[in-house]
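Reading the structure
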Amino acid sequence: KSLEYLSRMKSGLMAIYYCFENTEKLLPEKRKEVSSILVNIPLFLNDYLMNSGNEDIVRAAVQKVFTFVQDQKQSISNGLAYKIFRFMKDVHQGIETVMAVNRHRTPISLRAYCLVFIYIFPFIYIPSFLYQVGYDTPYLVLYMVIALKGFILISLYNVQEHMEDPFDQSGLDDIRLKDFELDVNK
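Since we're looking at a predicted model, the values are computed, not measured.

Counting its secondary structure elements, the chain contains six helices and zero strands. Scanning the chain from its N terminus toward the C terminus, one meets helices and strands in the order α-α-α-α-α-α. Taken over the C-alpha atoms alone, the chain extends approximately 90 × 30 × 25 Å along its principal axes. Here the chain holds 186 residues, and the buried ones make up 37% of them.

What follows covers the nonpolar core. Ranked by internal contacts, the top residues of the largest apolar core, which has 38 residues, are Leu6, Phe20, Leu38, Leu45, Ile84 and Ile95. Elements with a minimum of two residues in this core: α1 (2-21), α2 (28-51), α3 (55-71) and α4 (78-103). Considering each element in turn, this core owes the most residues, nine residues, to α1. The contacts of Leu45, once residues within four sequence positions are left out, are Leu6, Met9, Val58, Ile95 and Met99.

Secondary-structure assignment places Asp90 in helix α4. Discounting residues that sit within four places of it in the chain, Asp90 has contacts with Arg8 and Met9.

Once that is clear, we can look at the pattern of salt bridges. Tallied over the entire structure, the rule returns eight salt bridges. Taking the shortest distance from any N to any O, the salt bridge between Arg8 and Glu4 comes out at 3.2 Å. Taken together, the positions of Arg8 and Glu4, both in helix α1 and four residues apart, correspond to about one turn of that helix. With relative accessibility at 25%, the residue Arg8 sits in the partly exposed group.

This next bit is on the packing of α1 against α2. Close contact between α1 and α2 brings their axes to 10 Å; oriented N to C, the two are set at 175°. It follows from the interaxial angle that α1 and α2 lie roughly antiparallel. Facing α1, whose interface residues are Leu6, Met9, Leu13, Ile16, Tyr17, Phe20 and Glu21, α2 presents Arg31, Val34, Ser35, Leu38, Ile41, Pro42 and Leu45. Its residues assigned to classes, the contact of α1 with α2 shows eleven nonpolar, one polar and two charged.

Structurally, the position occupied by Ser35 is in helix α2. For Ser35, a relative accessible area of 5% gives the class buried.

Examined against the element boundaries, Leu156 turns out to sit in helix α6 (residues 139-164). Each C-alpha atom of the pair Leu156 and Cys114 lies 9.8 Å from the other, and the pair is 42 residues apart in sequence.

If you check α4, its first and last C-alpha atoms are 36 Å apart, about what 26 residues at 1.5 Å a residue would give, namely 38 Å. Of all the positions in α4, only Leu80, Ala81, Ile84, Met88, Asp90, Val91, Gly94, Ile95, Val98, Met99 and Asn102 are classed as buried. On its buried face, α4 is in contact with α1, α2 and α3.

Here we come to the packing of aromatic side chains. Counted under the stated rule, the structure contains three aromatic pairs. Between Phe20 and Phe68, the aromatic rings sit 5.4 Å apart at their centres with planes inclined by 85°, giving edge-to-face as the arrangement. Taken as a pair, Phe20 in helix α1 and Phe68 in helix α3 lie far apart in primary sequence, 48 residues in all. Just as Phe20 is buried, Phe68 falls in that class too.

Scoring rules and cut-offs
- Residues numbered from 1 in each chain as written.
- Predicted model: local features only at pLDDT ≥ 70, side-chain atom pairs only at ≥ 80, totals over all residues.
- Heavy atoms only, no water.
- Helix = DSSP H or I, 4+ residues; strand = E, 2+ residues; numbered from the N terminus.
- Buried < 20%, exposed > 50% of the residue type's maximum accessible area, 1.4 Å probe, protein only.
- Core = buried A, V, L, I, M, F, W, Y, C linked by side-chain atoms within 4.5 Å.
- Contact = heavy atoms within 4.5 Å.
- Salt bridge = Lys/Arg side-chain N within 4 Å of Asp/Glu carboxyl O.
- Axes fitted to C-alpha atoms, helices over the stretch in contact; angles between N-to-C directions.
- Parallel < 35°, antiparallel > 145°, perpendicular 65-115°, else oblique.
- Nonpolar A, V, L, I, M, F, W, Y, C, P; charged D, E, K, R; others polar.
- Expected span 1.5 Å × (residues − 1).
- Phe/Tyr/Trp six-rings, centres within 6.5 Å; stacked < 30°, edge-to-face > 60°.

Structure follows, in structure tokens:
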């Protein structure tokens, strides 16, 4: 879902960029100004997602687009302003959803239950395993089977931990946030 909302944000920003680029009344320096505003939005969002930055900085960057449109009313028609605000809805929805995913991860109680069961597992499993295979089984085999199962449980717990934060750029399957930055070549 995060990929969907990041894509929605980027496509909304690109549509806004094209709206400003096709406005003939807007001066070239104002186009550059709004381009830099638009380019900074995903950069601030990426900083927030990777470094637990400040949400208010991201929201302030988005607010600058609205302020820019209000300041340039003489150059931007009402119809174009409404189109820009419609695309801003996609940008806001994408940003707020991704920030919510970052904020609300796996419930702490679920992770605690997993750890408790991983630690309790050997104490429950060893007696039942001994009963099933018999007491004449070589201890090396017994320890190898139990160690293998413990290793699998710890590995699954570590996979869960890496998947929990798809934005931290530390796992192999993390979202490549650089793909959602704007490159307007201006």
